[in-house]
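Structure assessment
Read off the chains here:
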Amino acid sequence: MDASKAIAVLTANPEADAEILFTDPSAKALPVVEIPTTAGTGSEVTQYAILTLHEKRTKSGIMQPVFAAVSFLDPKYMDTLSAKVTNNTAVDAMSHLVESYLSANANTVSEKIVAMGLSYWKECIPALKAREYTPEVREKLMLASTIGGVAIAQTSTSIPHALGYFLTYEKQIPHGRANGMVMQAYMELFGKDNQKVKEVLGYLGLETTEDMGQLMKDVLDISETFTAEDIAYYAKRSMENPKKLATFPEYGLEEKDILEVYRKSLL
Ligand SMILES: [Fe+2]
């Protein structure tokens with residue numbers, strides 16, 4: 001779906017080269033129809049298109065906001081998804097909802113939207129743990145994903161996405177899974193007894209950030225290993241994305257804070 005948005009810009013501007021995706025925010029796009037085949041990205045309702053940029057060794061969004069002209073949602077396209085892809089993408093949807101809720105860009109309306117999305121996601125937790133998905137669960141995961149898209153279309157994503165992109169580029173860790181791997185430590189950046197962290201955990205039926213960490217372990221079967229050099233590199237690279245870092249509301253995050261998130265999550 002993200003590729004189709006970039007292709008829609010390039011096709012509408014046949015004389016331009018691919019650079020236009022990162023230089024001209026007002027470039028027009030052809031209309032796009034989007035049909036999600038995973039329940040994760042929410043791209044069918046966002047303006048974002050995230051591309052892998054090999055020259056920068058990371059992923060980055062195109063400048064043009066391209067909303068789909070039409071989106072079709074039908075969970076039957078997810079019937080045959082493997083448990084791995086289902087759970088990794090489900091965690092992407094959850095991370096959109098949680099990051100939106102905790103973002104400096106959140107507002108009363110986006111928070112209510114998140115609460116609705118997380119109520120669907122919460123109902124899917126037993127199925128995600130058991131790796132058994134009824135049609136009803138598939139539908140709820142799809143709704144949670146689309147609602148997550150609606151939320152991040154307003155607030156954008158936040159720190160787990162900024163940090164996860166390097167895990168995906170350097171270690172080929174699927175995107176949602178990468179977000180899930182840093183989720184507990186991200187929430188702990190807010191300090192103990194943060195009201196919004198408590199609220200968002202509550203929407204998922206969780207009490208503590210440790211509960212979130214355990215949930216991610218249960219749902220993702222995390223087994224990847226990293227070195228101190230790996231995480232030092234990722235922390236350094238994360239500082240190149242000040243716009244994303246600015247979505248963290250409490251104070252200006254420094255490289256040592258990011259390194260601590262990676263250390264707690266990956267070592
Ligand atoms: Fe995502």
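Everything below is about the structure printed above this text.
Notes on the structure in this doc start here.

Basis of the calculations
- Residues numbered from 1 in each chain as written.
- Predicted model: local features only at pLDDT ≥ 70, side-chain atom pairs only at ≥ 80, totals over all residues.
- Heavy atoms only, no water.
- Helix = DSSP H or I, 4+ residues; strand = E, 2+ residues; numbered from the N terminus.
- Buried < 20%, exposed > 50% of the residue type's maximum accessible area, 1.4 Å probe, protein only.
- Polar contact = N/O pair within 3.5 Å; in protein donor to acceptor, adjacent residues only side chain to side chain.
- Contact = heavy atoms within 4.5 Å.
- 1 Å grid on protein atoms, 1.4 Å probe; cavity = no way out; pocket = protein on both sides within 12 Å on 5 of 7 lines; lining within 4 Å.
- Points joined across faces, edges and corners; volume = space filled by probe spheres on them.
- Nonpolar A, V, L, I, M, F, W, Y, C, P; charged D, E, K, R; others polar.
- Axes fitted to C-alpha atoms, helices over the stretch in contact; angles between N-to-C directions.
- Parallel < 35°, antiparallel > 145°, perpendicular 65-115°, else oblique.
- Left-handed = near helix turned anticlockwise from the far one by under 90°.

As a further point, take the environment of L81. For L81, the location among the structural elements is in the loop between β4 (70-71) and α2 (83-102). Of the residues examined, L81 reaches a relative accessible area of 19% and is grouped as buried. Spatially, the C-alpha atom of L81 lies 9.9 Å from that of Y133, the residues being 52 residues apart in sequence.

With respect to the secondary-structure elements, H96 resides in helix α2. There is a polar contact of 3.4 Å between the side chain of H96 and the backbone oxygen of G40. With sequence-adjacent residues up to four places away left out, H96 is seen in contact with G40, T41, G148, I152, T157, H161 and H175.

The full count for this structure, using the stated rule, is 1 cavity of 30 Å³ or more. Each pocket or cavity is described by its volume, and for the largest cavity that value is around 40 Å³. Around the largest cavity sit A39, M78, L81, T86, T89, A90, R138 and L141, which together line it. Looking at the lining of the largest cavity, the elements with two or more residues in it are α2 and α5 (135-155). Counting residues per element, the lining of the largest cavity draws most heavily on α2, which supplies 3 residues. In the lining of the largest cavity, the residues fall into 5 nonpolar, 2 polar and 1 charged.

A separate point is the environment of G148. For G148, the location among the structural elements is in helix α5. Classification of G148 by relative accessible area gives buried; the value is 0%. Along the backbone, G148 and R263 are 115 residues apart, and their C-alpha atoms lie at a distance of 28 Å. With sequence-adjacent residues up to four places away left out, G148 is seen in contact with H96 and L97.

Geometrically, a packed helix pair is captured by the angle between its two axes and the distance between the axes. At a minimum axis separation of 8 Å, helix α7 (residues 175-188) and helix α12 (residues 255-266) run at an interaxial angle of 130 degrees. With respect to α12, the element α7 is oriented oblique. Every pair of crossing elements has a handedness; the one defined by α7 and α12 is right-handed. Facing M181, V182, A185, Y186 and E188 of α7, the residues of α12 in contact are V261, K264, S265 and L266. Broken down by class, the residue content of the contact of α7 with α12 amounts to 6 nonpolar, 1 polar and 2 charged.

For the rest of this paragraph, the subject is the side chain of S156. Looking at the element boundaries, S156 is found in the loop between α5 and α6 (159-171). Among the residues examined, S156 registers a relative accessible area of 16% and is labelled buried. Residues contacting S156, with those up to four places away along its chain left out, are Y48, S100, N105, K244 and T247.

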